[in-house]
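Fold and geometry: a report
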Amino acid sequence: QGLELSVAKGELMAIIGNSGSGKSTFLNMIGGLDRPSAGKLTVDGKDLFKLSPQELVEYKRSTVGFVWQNNARNLVPYLTAIQNIQLPMLFGDGRKRRERALELLELVGMSGKKNHRLDQLSGGEQQRIAIAIALANNPKILLADEPTGSVDVKTGNYLLDVFRELNKNMGLTIVIVTHDRMLAKKVNRVVAIRDGKTSSEMVMKQSYKDRLDAIEMYDEAHNEYAVLDKAGRVQIPRELLDQIHVKGNRVSLELADGKIIVGAPEEL
């Protein structure tokens, strides 16, 4: 419905929005799980409208990695952690598969749990294994759908630190979908989606980009921008309209000192 968005190579960004806003559908389209019915969608130079079924399989194997909120979709319960990580690499060399799996376990801080099964791991540990699985085939973009939705705040913060480290040290492009606005404290750019459209963006100020203490200073660390579509339309968050007591579908516009001022209309 007018969703316009570009994600740069090596970017760490989040997409936020209420349930039903379209954020998970968008992620599924990037991941090659859903086919878009209109518009344009290009990932890593590949036009997803034109990929054959076989090319789409290869795209999902080598270009994107997926981390789901529900761990049952990430892990096979009767396999150990290291066996789960090796699953996406089944068609490769056995020795290299194990070496790569051990390397990924170390990367997510789970080397000591390599022989544990799903029921022997906490929710946060399962999600760390899920991240390792998503990285098994060296994807160019990592997609995470509500990755902190089923863990406590402390574990969620740790997982987001893992994403930051992967982005910083590996240059991995990471797109996180969530309904939690507090997640914005941990990423450089946040795009809000409302009713299937890009509504606003929050961009971390340059001076805060390498400072984790920005996590505690949400209002200071980010600039927020409304997003214009091609027709010059802009969505104004309902909570802002409520604060200026806009009740209908009209607002007043005034140009003053180089600024467009939006206000509640005068009573007729």
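As a reminder, the structure under discussion sits directly above these lines.
Residues numbered from 1 in each chain as written. Predicted model: local features only at pLDDT ≥ 70, side-chain atom pairs only at ≥ 80, totals over all residues. Heavy atoms only, no water.

Comments concerning the overall build of the protein chain
Note the cut-off: Comment: elements are numbered from the N terminus, with helices defined as DSSP H or I runs of at least four residues and strands as E runs of at least two. Burial here depends on accessible area, computed with a 1.4 Å probe over protein chains only, as a share of the maximum for the residue type. Under 20% is buried, over 50% is exposed, and the range in between is partly exposed. Only the protein chains shown count as cover for residues, and the accessible areas themselves come from Shrake-Rupley with a 1.4 Å probe.
Helices and strands together make up the secondary structure of the protein chain, namely 9 helices and 11 strands. Considering the protein chain as a whole, with its 268 residues, one finds that 43% of them fall into the buried category. Accessible area for the protein chain stands at about 15600 Å²; split by element, carbon and sulfur atoms hold 50% of it.

Looking at the sheet that holds strand β7 (residues 189-194)
Where we set the bar: Should DSSP find at least two bridges between two strands, the strands are regarded as paired. To get an axis, fit a line to the C-alpha atoms, keeping to the stretch in contact for a helix; angles then go from 0 to 180 degrees between the N-to-C directions. Whether two residues are in contact is decided by their heavy atoms, any of which lying within 4.5 Å being enough.
Reading across the sheet, the 7 strands line up as β4-β5-β6-β1-β7-β8-β9 and stay open at both edges, with mixed pairing between neighbours. The open sheet has two free edges, formed respectively by β4 (64-67) and β9 (222-226), since each of these has just one partner strand. Across this sheet, the average inter-strand angle for adjacent strands is 20 degrees, counted without regard to direction. As judged from the 4 bridges shared by strand β1 (residues 12-16) and β7, these two strands associate in the parallel manner. Within β7, the residue paired with I15 across the bridge is V191. Packed onto the sheet, helix α7 (residues 153-170) meets β1, β5 (141-145) and β6 (173-178) and runs at close to 155 degrees relative to β6.

Concerning the packing of aromatic side chains
Counted only if it meets this: Here a Phe, Tyr or Trp ring, Trp counted by its six-membered ring, pairs with any other such ring whose centre lies within 6.5 Å, and the pair is stacked when the planes are under 30 degrees apart, edge-to-face when over 60, and tilted otherwise.
As enumerated under the stated definition, the model contains 1 aromatic pair in all. Judged by centre distance (4.3 Å) and plane angle (5 degrees), the rings of F66 and W68 are stacked. With respect to burial, F66 and W68 carry one shared label: buried.

Brief notes about the environment of I82
Within the fold, I82 resides in helix α4 (residues 81-86). Judged by relative accessible area, I82 falls into the buried class, the value being 3%. Considering only alpha carbons, one finds I82 and L102, 20 residues apart in sequence, at a separation of 7.2 Å. Discounting residues that sit within four places of it in the chain, I82 has contacts with R98, A101, L102, L105, K114 and N115.

Description of the nonpolar core
Basically, it comes down to this: Here, nonpolar core means buried Ala, Val, Leu, Ile, Met, Phe, Trp, Tyr and Cys residues that are tied together by side-chain atoms lying within 4.5 Å of each other.
Among the nonpolar cores identified, the biggest contains 39 residues, and I85, I129, I131, L142 and I176 are the most heavily contacted of them. Within the residue set of this core, elements represented by two or more residues are β1, α4, α5 (94-107), α6 (123-134), β5, α7, β6 and β7. Ranked by residues supplied to this core, first place goes to α6 with 6 residues. Residues contacting I129, with those up to four places away along its chain left out, are L75, A81, I85, L105, M110 and L121. Counting 21 residues, the second largest nonpolar core, distinct from the first, contains I15, V43, Y59 and V64.

Concerning the pattern of salt bridges
Convention followed: In what follows, salt bridge is the name for a side-chain nitrogen of Lys or Arg lying within 4 Å of a carboxyl oxygen of Asp or Glu.
Counted by the stated rule, this structure contains 7 salt bridges. One salt bridge connects D44 with K140, and the closest N-O pair in it is separated by 3.0 Å. Taken together, the residues D44 in the loop between β2 (42-43) and β3 (46-47) and K140 in the loop between α6 and β5 connect sequence positions 96 residues apart. When its relative accessible area of 40% is taken as the criterion, D44 is described as partly exposed. For K140, a relative accessible area of 48% corresponds to the partly exposed category.

Digging into the side chain of T63
Within the element layout of this structure, T63 appears in the loop between α2 (53-62) and β4. When its relative accessible area of 2% is taken as the criterion, T63 is described as buried. Non-local contacts of T63, meaning those with residues more than four positions away in its chain, are made with V43, D44, K46, E58, P139, K140 and I141.

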